[in-house]
Every structure is written in structure tokens, then in C-alpha cells.
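Chain and residue survey
Chain by chain, the residues:
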Amino acid sequence: MKAFEKNIRKVEPYVPGEQPQHKVIKLNTNENPYPPAPGVAKAVRSTDIERMRLYPDPTSSALVKELARYYGVEENQVFVGVGSDDVLSMCFLTFFNSEKPVFFPDITYSFYKVWADLYRIPYECQKLDADFHIVKEDYYQENGGVIFPNPNAPTAIYEELDFVEDIIEHNQDVIVIVDEAYVDFAGKSALELVNKYDNLIVVQTFSKARSMAGMRIGYAISNPTLIKYLNDAKYSFNSYTMNQTSLLYGVEAVKDKEYFEETVAKIVETREWAKDQFRELGFEFPDSRANFIFVTHPDHDAKELFEALKKANIYVRFWGSERIEQYLRVTIGTKEEMESLFAFLREYMGR
Ligand SMILES: *Cc1c(COP(=O)(O)O)cnc(C)c1O
């Protein structure tokens with residue numbers, strides 16, 4: 001071993017879902033099957049090449065302004081980043097500096113553990129119950145901060161707002177982050193609590209409900225004090241996180257509320273239909289309020305099914321990790337894509 005080896009920060013990285021470069025039915029990374037708002041396409045055509053020569057606006061003011069208007073908050077309550085992964089990572093760096101462990105569920109977005117390891121933040125996973133629900137009392141113990149997604153991933157379970165508020169209320173000495181990547185498919189957002197609790201940060205993304213995973217836009221909404229701390233950390237790291245085009249297209253996507261709501265409604269409708277289809281085939285799953293369903297089958301091994309699907313060019317997500325070895329996460333695609341999936345499953349199961 002070289003002497004310098006001992007001073008290298010070694011981490012076990014997050015493993016993203018596959019992005020195959022050939023055409024497949026892609027139900028493995030919770031992308032939106034519909035294109036972004038029509039206004040984005042128009043902005044694409046009129047993009048001024050001149051803009052590329054210049055650094056982007058470090059404050060992302062156009063996008064911040066549009067998000068503030070959309071959510072009815074002040075501009076100094078909005079922080080934007082390169083996908084919510086960037087925003088969440090900045091939050092870990094900025095707010096989780098206690099000697100006490102940060103709490104998050106044992107089955108959840110696997111990036112939390114990676115950021116905690118990367119930044120040397122102590123953490124403790126709280127076990128979901130047998131039905132994969134968060135046990136809120138587990139979060140009453142002393143800790144260095146709390147983060148959980150609502151709906152949770154990959155379970156797709158949504159907890160009502162009074163449940164979320166109870167966790168925030170019991171943790172007023174630390175920062176509580178609610179990761180709402182899928183909330184638009186689910187129900188009420190914790191955004192209405194940000195002016196009530198000064199320890200709350202709500203994080204959302206353009207990647208799922210807004211059909212823009214490829215542009216990398218995420219945001220946090222909180223009180224001006226915590227947003228300032230986030231910006232201070234960001235400007236100590238990289239001032240120009242958001243590129244010109246993301247800023248431009250992001251604004252157009254937020255402007256078109258009608259298109260957004262229409263697309264979300266279509267996915268929710270396909271999801272409810274897909275639940276019936278899965279049920280008829282004997283699959284079991286927690287009730288999904290997201291754009292994916294977390295399924296298991298009593299008679300079919302998840303890994304074998306995952307591989308058979310892949311061979312048929314249908315990509316879903318499989319982890320094989322503790323407690324979820326027999327589960328697959330299936331993103332809701334278009335009705336046609338889902339019909340192909342169910343046609344395959346019927347044949348696979350000899351039905
Ligand atoms: C997809 C996802 C994110 C990250 O999304 P970005 O594409 O980085 O905005 C964050 N949290 C959860 C729970 C997710 O599922």
C-alpha cells in the first residue's frame with residue numbers, strides 16, 4: 001500500500017439504475033414517460049447560442065422567482081441545485097454536523113447512507129415495520145437530524161401530513177428534511193408547514209413529476225435563515241451549479257401548471273389500473289402513492305423475474321438487499337408500456 005493511500009477518502013458509491021443505450025421498455029428509474037411541458041420545446045428552439053459563452057446567473061434568480069411564485073413563498077425561501085441529489089447532498093453537508101446520529105429509515109433512498117459516509121456523518125437507520133411503514137415513535141429519541149422521503153422510496157408508501165408534522169414537532173432541536181420527490185403523485189406536501197416550523201426543509205425535484213430528469217433540477221424550500229446557510233455552503237463549493245439551459249427550460253416547465261397536472265393525472269390513472277393488473281396476477285404490494293409500485297410474488301423469485309424481464313427488454317429495478325430480496329420496483333410508464341409488461345407477465349406465469 002502506498003503511503004498516500006491512508007489519506008484518500010474512500011467511499012462505497014451510490015449505484016444508479018441502468019440507463020441502457022438501446023431501446024427498451026424502461027420502468028427502472030422512475031422517470032416520467034411523457035415529454036416536458038410544450039413551453040420547454042419552444043425554449044429549446046430559441047436558445048441563444050451566445051448564452052453559452054457566459055457564466056450562468058449564480059443565484060439562479062429566474063428559476064427561484066418562478067418557483068417562489070408557484071408555491072406562494074418568498075424568493076429567499078428557495079434554493080435550487082443540480083437535481084435534488086445535489087440539494088440533498090448540500091443539506092447533509094450544511095445541517096448534519098452533530099456528534100449524534102442522523103436518523104433515516106432502514107429501507108429508503110440508498111443515497112442517504114452514501115452522503116453520510118462521504119461526509120463522515122454518524123447515522124442510525126430506524127426499521128420500517130413489517131408492512132414497511134415508518135414507525136414515528138422511533139424518531140422521538142435524541143438524534144443529530146432526520147431525513148425521510150414522503151412517499152418513501154422504494155416502498156411508495158405515503159404518510160399523511162399529521163404523521164409528518166408529528167415527527168417534525170418531536171425534533172425541533174435538529175433539522176428535519178422531508179424528501180418529496182414523489183409528492184405530486186401522492187397528496188398534501190409538507191410545504192405548508194415551512195412557515196410554522198423553523199427546523200423544516202422540504203426538497204423536491206423536476207426529475208419525476210416534471211419530466212426533466214435529464215436537465216438535473218432540484219430545489220429546497222424552507223425559511224430564509226436555513227436557505228442562507230445552504231447558499232453559503234454552495235458558494236463555498238461551486239458558485240455556478242445550474243447551467244444556462246437548465247435554468248431556461250426549468251422556468252418554462254414551472255409556468256405550465258395545466259400540462260403538469262394533466263401528466264400527473266395520467267400517471268396516477270395508469271398506476272391505479274396497474275395495481276388491479278398486478279393483483280389479478282397474484283402480486284402483493286404496499287399501496288402505492290408514487291409513480292412506481294413495489295411488488296413481490298409468493299410463487300416467483302424476484303431475481304429470476306427481473307432477469308427474464310431484462311431479457312425481454314423490459315427494465316425494472318431489483319436490489320436483492322436485506323428485507324427486500326423478493327421485491328421489484330416497477331416505474332409507471334405509459335399505458336402501452338404497461339400493457340407490454342403485463343402481456344409478458346401473463347405469459348411468464350402461464351396465465
Ligand atoms: C429520484 C429521487 C431523488 C433524486 O432526484 P434528482 O433526479 O436528483 O432530482 C431524491 N430522492 C428520492 C427519494 C428519489 O427517488
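These notes cover the structure that comes with them. (Residues numbered from 1 in each chain as written. Predicted model: local features only at pLDDT ≥ 70, side-chain atom pairs only at ≥ 80, totals over all residues. Heavy atoms only, no water.)

1. What about the site of the ligand?
- Around the ligand, the structure places 13 residues, and the nearest of them are S84, Y182, T205, S207 and K208.
- Taking D179, its side chain carries an N or O atom lying 2.7 Å from a nitrogen atom of the ligand.
- Within the side chain of Y182, a nitrogen or oxygen atom sits 2.6 Å from an oxygen atom of the ligand.
- In isolation the ligand exposes 390 Å². Once the protein is present, 93% of that is buried.
- Counting residues per element, the shell around the ligand draws most heavily on helix α3 (residues 83-95), which supplies four residues.
- Residue classes in the shell around the ligand are distributed as five nonpolar, four polar and four charged. (Near = heavy atom within 4 Å. Polar contact = N/O pair within 3.5 Å; in protein donor to acceptor, adjacent residues only side chain to side chain. Areas by Shrake-Rupley, 256 points an atom, 1.4 Å probe, with all protein chains shown as cover. Helix = DSSP H or I, 4+ residues; strand = E, 2+ residues; numbered from the N terminus. Nonpolar A, V, L, I, M, F, W, Y, C, P; charged D, E, K, R; others polar.)

2. Quick notes on the pattern of salt bridges
- According to the stated counting rule, one finds 20 salt bridges in the structure shown.
- For R69, the salt bridge is made with E66, and the minimal N-O distance between the two is 2.4 Å. With a gap of three residues between them, R69 and E66 both fall in helix α2 (residues 61-71), about one helical turn apart.
- By relative accessible area, E66 is classed as buried at 11%.
- A salt bridge links E307 to K303, with the nearest nitrogen and oxygen atoms 3.6 Å apart. Within this pair, E307 and its partner K303 are both found in helix α9 (residues 302-311), separated by four residues, close to a single helical turn.
- Look at the salt bridges and you will find they share partners, linking R271, E272, K275 and D287 into a network. (Salt bridge = Lys/Arg side-chain N within 4 Å of Asp/Glu carboxyl O. Buried < 20%, exposed > 50% of the residue type's maximum accessible area, 1.4 Å probe, protein only.)

3. Let's talk about the packing of α9 against helix α10 (residues 335-348)
- Interhelical geometry of α9 versus α10 gives an angle of 125 degrees and a closest axis separation of 11 Å. Compared by their axis directions, α9 and α10 come out oblique. Crossing of α9 over α10 shows right-handed handedness. Across from E304, L305, A308 and L309 in α9, the residues of α10 making contact are L341, F344, L345 and Y348.
- The residue inventory of the contact of α9 with α10, partitioned by class, reads seven nonpolar, no polar and one charged. (Axes fitted to C-alpha atoms, helices over the stretch in contact; angles between N-to-C directions. Parallel < 35°, antiparallel > 145°, perpendicular 65-115°, else oblique. Left-handed = near helix turned anticlockwise from the far one by under 90°. Contact = heavy atoms within 4.5 Å.)

4. Digging into the pairing of strand β9 (residues 292-295)
- Neither face of β9 is exposed, since F292 and F294 on one face and I293 and V295 on the opposite face are all buried.
- Inspection of the sheet shows β9 paired to strand β11 (residues 328-331) by four bridges, in the antiparallel sense. Bridge pairing links I293 to V330 in β11. (Pairing = 2+ DSSP bridges.)

5. Observations regarding the pairing of strand β2 (residues 78-81)
- Along β2, one buried face is formed by V78 and V80 and the opposite face, lined by F79 and G81, is buried too.
- One ladder, built from four bridges, connects β2 with strand β8 (residues 218-221); its direction is antiparallel. Bridging from a neighbouring strand, G81 pairs with G218 of β8.

6. Some thoughts on the nonpolar core
- With 86 residues, the main nonpolar core has L63, F278, L341 and L345 as its most contacted residues.
- In terms of residue count, helix α8 (residues 257-280) provides more of this core than any other element does, six residues in total.
- Contacts of L341, omitting those with residues within four sequence positions, involve L27, F278, L309, I314 and V330.
- Membership of the second largest hydrophobic core comes to 27 residues, among which are C91, F104, I201 and A220. (Core = buried A, V, L, I, M, F, W, Y, C linked by side-chain atoms within 4.5 Å.)

7. Side note on the packing of α3 against helix α6 (residues 224-235)
- Two elements in contact, α3 and α6, have axes whose closest approach is 9 Å; the angle formed by their N-to-C orientations is 100 degrees. By the criterion of interaxial angle, the relationship of α3 to α6 is roughly perpendicular. Residues M90, C91, T94 and F95 of α3 lie in contact with α6, whose contacting residues are L226, Y229, L230, A233 and K234.
- Across the contact of α3 with α6, the residue classes break down as seven nonpolar, one polar and one charged.

8. Notes on helix α1 (residues 38-46)
- Turning to α1, its buried residues are G39, V40 and A43. Seen from one end, α1 has its buried residues packed into an arc of 100 degrees, which puts them on one side. Exposed positions of α1 whose direction lies more than 90 degrees from the buried face are K42 and R45.
- Residues of α1 that are buried make contact with α7 (244-255). (Arc of directions from axis to C-beta.)

9. Quick word on the packing of aromatic side chains
- For the structure on display, the rule yields 27 aromatic pairs.
- Between F278 and F283, the aromatic rings sit 5.2 Å apart at their centres with planes inclined by 80 degrees, giving edge-to-face as the arrangement.
- Overall, F278 belongs to the buried group, its relative accessible area being 1%.
- When its relative accessible area of 5% is taken as the criterion, F283 is described as buried.
- An aromatic cluster is built from Y14, F92, F96, F104, Y109, F111, Y112, W115 and Y123, whose rings are joined through pairwise contacts.
- Above the face of the Y34 ring, K266 is positioned so that its terminal group lies 4.1 Å from the ring centre. (Phe/Tyr/Trp six-rings, centres within 6.5 Å; stacked < 30°, edge-to-face > 60°. Lys NZ or Arg CZ within 6 Å of the ring centre and 35° of its normal.)

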